[in-house]
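This is what each chain is made of:
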Amino acid sequence: MLAPASVSDYRELAKRRLPQLMFDYLDGGAFEEATLQANRLDLQKLSLKQKVLRDVSSLDTSVTLFGQKMELPLILAPVGFAGMMARRAEVQAAKAAQTVGIPFTLSTVGICPIEEVRRAVTTPFWFQLYMMRDRGVVREILSRAQAAQCGALVFTVDLPVLGTRYRDIRNGMGVKLPLFSRLRMAANFASRPSWIYDVGVKGQPLTFGNLAGVVQDAKSLGALLHWTTTALDPSVTWKDLEWIRSIWKGPLILKGVLDADDAKEAAATGADGLVVSNHGGRQLDAARSSISMLPRIVDAVGDRTVVLMDGGIRSGQDVTRALALGARACLIGRAWVYGVAAKGEAGVVSVLETMKRELRTSMALIGASRIGDINRAVIES
Ligand code: GLV
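Residues numbered from 1 in each chain as written. Predicted model: local features only at pLDDT ≥ 70, side-chain atom pairs only at ≥ 80, totals over all residues.

### Points about the environment of leucine 74
Now for step 1: In this structure, leucine 74 sits in strand 3 (residues 74-76).
Now for step 2: With residues up to four places along the chain from it excluded, the contact list for leucine 74 reads Ile102, Val319, Ala329, Cys330, Ile332, Leu352 and Met355. (Helix = DSSP H or I, 4+ residues; strand = E, 2+ residues; numbered from the N terminus. Contact = placed C-beta atoms within 7 Å.)

### Some words on the site of the ligand
Now for step 1: Around the ligand, the surrounding shell consists of Gly80, Leu159, His279 and Arg282.
Now for step 2: Across the shell around the ligand, the residue classes break down as one nonpolar, two polar and one charged. (Near = placed C-beta within 6 Å. Nonpolar A, V, L, I, M, F, W, Y, C, P; charged D, E, K, R; others polar.)

### Things to note about the packing of helix 4 (residues 89-100) against helix 15 (residues 334-366)
Any two packed helices are characterised by how steeply their axes cross, that is the angle between the axes, and by the distance between the axes.
Now for step 1: One can describe the packing of helix 4 onto helix 15 by two numbers: an axis separation of 8 Å at closest approach and a directional angle of 15 degrees. When the axes of helix 4 and helix 15 are compared, the pair comes out roughly parallel. The element helix 4 and its partner helix 15 pack so that their crossing is left-handed. Between helix 4, through Ala89, Gln92, Ala93, Lys95, Ala96, Thr99 and Val100, and helix 15, the contact on the second element is made entirely by Trp336, Val340, Gly344, Glu345, Val348, Val349 and Leu352.
Now for step 2: Split into classes, the residues belonging to the contact of helix 4 with helix 15 amount to nine nonpolar, three polar and two charged. (Axes fitted to C-alpha atoms, helices over the stretch in contact; angles between N-to-C directions. Parallel < 35°, antiparallel > 145°, perpendicular 65-115°, else oblique. Left-handed = near helix turned anticlockwise from the far one by under 90°.)

### Looking at the pairing of strand 10 (residues 329-332)
Now for step 1: Every second residue of strand 10 is oriented toward a common face, with Ala329 and Leu331 on one face and Cys330 and Ile332 on the other, all of them buried.
Now for step 2: Where strand 3 meets strand 10, three bridges bridge the pair, whose relative direction is parallel. By the bridge assignment, isoleucine 75 is partnered in strand 10 with leucine 331.
Now for step 3: Where strand 9 (residues 306-310) meets strand 10, three bridges bridge the pair, whose relative direction is parallel. (Buried ≥ 20, exposed ≤ 12 C-beta atoms within 10 Å, placed from the backbone. Pairing = 2+ DSSP bridges.)

### Quick notes on the sheet that holds strand 9
Strands pair in a sheet through their backbones, by hydrogen bonds, and they do so in one of two ways: parallel or antiparallel.
Now for step 1: Taken in spatial order, the eight strands line up as 3-10-9-8-7-6-5-4 in an open sheet, and their pairing is parallel. Where the open sheet ends on each side, the last strands, each with one partner, are strand 3 and strand 4 (105-106).
Now for step 2: Looking at chain direction, strand 8 (residues 273-276) and strand 9 are connected through four bridges and run parallel. Bridging from a neighbouring strand, valine 276 pairs with methionine 309 of strand 9.

### Overview of helix 1 (residues 7-17)
Now for step 1: Buried within helix 1 are the following residues: Val7, Tyr10, Arg11, Ala14 and Arg17. The arc that holds the buried residues of helix 1, viewed along the axis, is 125 degrees, so those residues lie on one side.
Now for step 2: Summarising the contacts, the buried residues of helix 1 are in contact with helix 2 (20-27), helix 9 (193-201) and helix 15. (Arc of directions from axis to C-beta.)

### What to know about unusual backbone geometry
Now for step 1: Each neighbour pair has its own omega, and for glutamine 204 with proline 205 the value is -5 degrees, a cis peptide bond.
Now for step 2: Backbone geometry at phenylalanine 66 places phi at a positive 55 degrees, although glycine is not the residue there.
Now for step 3: With respect to the helices and strands, phenylalanine 66 occurs in the loop between strand 1 (63-65) and strand 2 (68-70).
Now for step 4: The exposure class assigned to phenylalanine 66 is partly exposed, which follows from the 17 C-beta atoms found within 10 Å.
Now for step 5: Unusually for a residue other than glycine, histidine 279 sits at a positive phi of about 60 degrees.
Now for step 6: Residue position: histidine 279 is located in the loop between strand 8 and helix 13 (290-301).
Now for step 7: The buried category is assigned to histidine 279, around which 27 C-beta atoms lie within 10 Å.

### Observations regarding the nonpolar core
Now for step 1: One finds Met85, Ala93, Leu274 and Cys330 to be the most contacted residues of the largest nonpolar core, which totals 115 residues.
Now for step 2: For this core, the element with the most residues is helix 15, which contributes 15 residues. (Core = buried A, V, L, I, M, F, W, Y, C linked by C-beta atoms within 7 Å.)

### Some remarks on the packing of helix 12 (residues 260-268) against helix 13
Now for step 1: Where helix 12 meets helix 13, the closest approach of the two axes is 9 Å, and the angle between their N-to-C directions is 35 degrees. By crossing handedness, the relation of helix 12 to helix 13 is classed as right-handed. Across the interface between the two elements, Ala260, Ala263, Lys264 and Ala267 from helix 12 touch Arg296, Ile297, Ala300 and Val301 from helix 13.
Now for step 2: Here the residues of the contact of helix 12 with helix 13 sort into six nonpolar, no polar and two charged.

### Let's talk about the confidence of the model for the chain
Now for step 1: When the pLDDT values of the chain are averaged, the result is 96; 99% of them are 70 or greater.
Now for step 2: Averaged pLDDT values over the elements of the chain bottom out at 83 in helix 10 (residues 221-231) and peak at 99 in strand 3. (pLDDT = per-residue confidence, 0-100.)

Next up, the structure:
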């Protein structure tokens, strides 16, 4: 490949650059990966209606959500461990998002801490929260996000327990491996010297920056992942959402809603937005795809809360499809991490510019000059 043309090409480049265990963690999903695949397949099934002679000489891809103007209806999703895929990846991605004019969301379990990201950019980024058993730690982290003037809080609710990912198990994550397997793994890491230099040498410290003091420097991705399974609180309920609502003053977005009744409860509890999501097919395998559940959630709460979606978005055409079914914007997770793993900050900018070009072209060919012109009528029945 002489030049990457699409997000899938960036995926290919990331695969070549990352140790297999890292790539599989990023790329994979839960159990049989049926939901992971459904997210993509159900998007691809939606046909857009080609329309002609509509004067599309002036296109505007911007949207305003939660009082914030975005140049594209896209948000960089929170991705745990991103800083293990590229050197200080959260900082690189936040800078790229700023260049393109969209929000970046920092994960609770990112490698870079809130303050490091804050220093790197001048526009507000968003912060994602996992509920931890220790509410003191949660309170503290929220006050740091508030101090950093994060533009929104994304509270992820679809991970009370960690989904079982066969690829991670097969790669020996969290398992004490026999010597021969360890040698094989070491050989695989050794075959990725540019990653070792970029991340292993220049990307230190490789720990959860937001949780310094709470979690020790872990020796491996598996060890950190294991820590999350003990620290996250599976007893979390709607009452906790009320508690967070009472202490977080800015926009509050609930991520991981896949059911219309849950969406109604979220809106009633004061969530300003929600993300229709199955965690990128990484949690409940056999759950429906995000895009297939989007319309009924929009019908249930779209007039009361801002409905966003993620899961399988890889192109501007996919963004068009999701907006057509009522999403106000999409989150992308793997897509930006492929970009940063392949080519750092420039790779994320390039992924976003690729998607922007695709979105503009799709808008022109369906006869939509503005994001607001994209509605259910643009889907071919
Ligand atoms: C964590 O959020 C994961 O999906 O691995």
